[in-house]
Amino acid sequence: MTTKHEQIIAHIESLDVGSKISVRQIAKELAVSEGTAYRAIKEAENLGFVSTIERVGTIRIKRKQKENIEKLTFAEVVNIVDGQVLGGRNGLHKTLSKFVIGAMKLEAMMRYIDVDSLVIIGNREKAHELVLQSGGAVLITGGFDTTDEVKRMADKYDMPVISTSYDSFTVATMINRAIYDRLIKKEILLVSDIVIPLHDTFYLKSDDTVKRWHELNERTKHNRYPVIDEQMKVVGVITAKDVIDKSHDYDIEKVMTKSPITVGVQTSVTNAAHQMVWEGIEMLPVVDNYGRLLGIISRQDVLKALQLANRQPQVGETFDNMITNQLKEDPASNGTAFTVEVAPQMTSHMGTASSGVLTTLLVEGATRSLRHMKKGDLVVENITVYFMKPIQIESQIRVSANVFDLGRKFGKVDVEMTQGTQLVAKALVTAQLIDR
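Residues numbered from 1 in each chain as written. Predicted model: local features only at pLDDT ≥ 70, side-chain atom pairs only at ≥ 80, totals over all residues. Heavy atoms only, no water.

## With respect to the environment of Val385
Short version of the rule: Note on conventions: DSSP H or I runs of at least 4 residues are helices, E runs of at least 2 residues are strands, and numbering of each starts at the N terminus. Each residue gets one of three labels from its accessible area relative to the maximum for its type: buried under 20%, exposed over 50%, partly exposed in between, using a 1.4 Å probe on protein chains only. Contact between two residues is taken to exist if any of their heavy atoms lie within 4.5 Å; hydrogens are not considered.
Structurally, the position occupied by Val385 is in strand E19 (residues 377-388). On the accessibility criterion, Val385 (35% relative accessible area) is partly exposed. Val385 sits 43 residues away from Leu428 along the chain, and the two C-alpha atoms are 6.5 Å apart. Setting aside its immediate chain neighbours within four residues, Val385 contacts Thr359, Lys426 and Ala427.

See below:
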């Protein structure tokens with residue numbers, strides 16, 4: 001039995017790409033309140049198959065696969081540049097293939113324009129017409145308008161003409177930044193990348209008996225299974241220790257662990273690994289937003305994914321990458337000391353190293369020393385910073401780590417930062433270790 005909310009989501013997903021959506025329309029068609037319709041539309045937007053544009057409305061767009069996440073739709077461009085749609089609204093759902101800055105003569109510019117290109121250009125009406133005739137879209141900078149003829153052409157070809165108050169350089173920077181941010185997201189391993197799908201997942205139902213557990217155990221050699229109800233919602237997990245000394249006709253519902261830990265497909269693998277190590281479990285059910293079973297992830301698959309990620313080059317560099325890449329190991333320290341210079345981008349508005357940067361450097365020094373002593377993956381669990389002093393720009397600092405407690409599943413590191421002979425920061429870092 002699906003809820004009204006689920007029915008609305010399914011309805012929106014069934015609409016043709018490019019369809020306009022409104023709260024009132026959804027409420028009327030599905031006989032729900034406008035509040036329920038609004039909440040469902042917002043979730044559809046979060047799920048990535050709906051986009052809302054100021055002064056245009058909400059439209060159905062194509063949900064992107066992860067390999068194409070860096071591709072922008074024209075609707076998303078409108079939101080990025082705070083734009084106004086002058087024409088071609090029916091083409092907003094389309095994905096742009098590339099963007100071109102039209103800072104050249106028309107003949108030269110046209111060589112760079114392909115179908116679904118986005119041309120960033122000023123108030124050059126003739127160029128606007130030629131771009132539309134070539135299958136491209138137009139982004140007019142400087143807040144300029146265009147001719148009625150161009151607007152008619154945009155509607156005819158279903159290619160958007162957008163106006164923004166920003167200049168061409170700022171617009172190109174904003175679009176580049178949006179694509180760059182998506183590249184970083186693309187490289188983050190999610191549960192959806194490693195989930196064992198439902199059709200390959202073994203599970204029990206809440207009205208099964210212990211006999212069914214033994215049948216699956218004999219067949220699969222696994223000893224931990226999710227338990228679902230009649231609506232496919234995960235209501236428990238059952239393991240070998242739950243069925244010890246229980247007769248075969250005993251109800252699963254009476255011996256299972258209720259309200260188990262679950263993860264969603266958008267959960268990061270690192271987060272899932274942290275939960276599995278912390279709770280000491282080998283399998284996690286993967287559920288949708290309504291708690292229904294989508295599959296499972298195993299500890300083994302999580303570890304393999306983390307090892308693979310560590311060997312892959314990062315396509316989009318994060319702030320942490322930029323900071324920690326400047327940390328250089330002292331060859332004489334045997335993996336326990338590192339040096340770095342405080343670069344301008346590491347400072348706060350006061351001209352001293354920001355507390356966030358210093359904390360990142362302290363944690364990186366601690367984790368590098370742990371990895372040097374014990375090969376494998378780790379998840380930082382706790383950071384306690386005892387004190388931190390101001391450090392001037394271009395100062396040379398040294399990060400020294402002392403691993404004083406190292407077990408099979410955890411490590412504790414006392415880490416210090418010095419400038420010359422002066423102690424400027426000190427912290428305690430605790431991490432969970434994940435055996436490979």
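## Here's the deal with helix H16 (residues 355-373)
Formally: Every helix has an expected span of 1.5 Å times one less than the residues it contains.
Here H16 is 19 residues long and its end C-alpha atoms lie 28 Å apart, about the 27 Å a rise of 1.5 Å per residue gives. When H16 is considered as a whole, its buried residues turn out to be Val357, Leu358, Thr360, Leu361, Leu362, Val363, Glu364, Gly365, Ala366, Thr367, Ser369 and Leu370. Structurally, H16 contributes buried residues whose contacts are with helix H15 (319-324), strand E18 (337-341), E19, strand E20 (396-406), strand E21 (410-419) and strand E22 (422-434).

## Points about the pairing of E22
Our working definition: The pairing criterion is simple: DSSP has to find at least two bridges between the two strands.
Taken across its 13 residues, E22 has 11 buried, putting it largely inside the fold. Here E19 pairs with E22 via 10 bridges, running antiparallel. Pairing of Leu378 across the sheet is with Leu433, part of E22. With 10 bridges joining them, E21 and E22 adopt antiparallel strand pairing. When the bridges of E22 are listed, Lys412 appears paired with Thr430.

## Points about the UniProt feature "domain: CBS" (unreviewed entry) in the chain
Where we set the bar: UniProt positions are given in the numbering used here, feature names are shortened, and annotations may be inferred rather than shown by experiment.
Within the UniProt annotation, "domain: CBS" (unreviewed entry) is assigned to residues 195-254 and 256-314. Between the C-alpha atoms that bound residues 195-254 the distance is 28 Å, and the span itself is 30% helix and 25% strand.

## A look at the packing of helix H6 (residues 125-133) against helix H7 (residues 148-157)
Counted only if it meets this: Where helices are involved, their axes are fitted lines through C-alpha atoms of the stretch in contact, as for all axes, and angles between N-to-C directions lie from 0 to 180°. Our angle categories are set so that under 35 degrees counts as roughly parallel, over 145 as roughly antiparallel, 65 to 115 as roughly perpendicular, and the remainder as oblique. Under this grouping Gly is polar, as are all residues other than the nonpolar Ala, Val, Leu, Ile, Met, Phe, Trp, Tyr, Cys and Pro and the charged Asp, Glu, Lys and Arg.
The N-to-C vectors of H6 and H7 enclose an angle of 10 degrees; their axes lie 10 Å apart at closest approach. Our classification of the angle between H6 and H7 gives roughly parallel. Mapping the contact onto sequence places Glu125, His128, Glu129, Leu132 and Gln133 in H6 and Glu149, Val150, Met153, Ala154 and Tyr157 in H7. Of the residues that constitute the contact of H6 with H7, the class distribution is 5 nonpolar, 2 polar and 3 charged.

## Section: the packing of aromatic side chains
For any pair of aromatic rings, the description consists of the separation of the ring centres together with the inter-plane angle of the planes. Here is the rule we go by: The rule is short: rings of Phe, Tyr and Trp, with Trp giving its six-membered ring, pair when the centres are within 6.5 Å, and they are stacked under 30 degrees, edge-to-face over 60, tilted in between. In our convention, an over-ring charge means Lys NZ or Arg CZ found within 6 Å of a ring centre and within 35 degrees of that ring's normal.
Taken as a whole and assessed by the stated rule, the structure comprises 0 aromatic pairs. The ring centre of Tyr250 lies 6.0 Å from the NZ or CZ of Lys254, which sits over that ring.

## Observations regarding the pattern of salt bridges
This is how the line gets drawn: Between Lys or Arg on one side and Asp or Glu on the other, a salt bridge is scored when a side-chain nitrogen of the former is within 4 Å of a carboxyl oxygen of the latter.
Following the criterion strictly, the structure yields 13 salt bridges and no others. For Lys151, the salt bridge identified is with Asp145, shortest N-O distance 3.3 Å. Note that Glu218 is salt-bridged to Lys221, the shortest N-O span being 3.9 Å. As far as burial versus exposure is concerned, Glu218 and Lys221 are alike and both exposed. Linked by salt bridges that have partners in common, Glu6, Asp288 and Arg292 make up one network.

## Quick look at unusual backbone geometry
With a phi angle near 50 degrees, Ser259 is a residue other than glycine that sits in the positive phi range. The topology assignment puts Ser259 in the loop between strand E13 (257-258) and strand E14 (263-264). Non-glycine residue Glu394 carries a positive phi angle of around 70 degrees. Following the sequence through the fold, Glu394 ends up in the loop between E19 and E20. Take Glu394: its relative accessible area is 55%, and that puts it in the exposed class.

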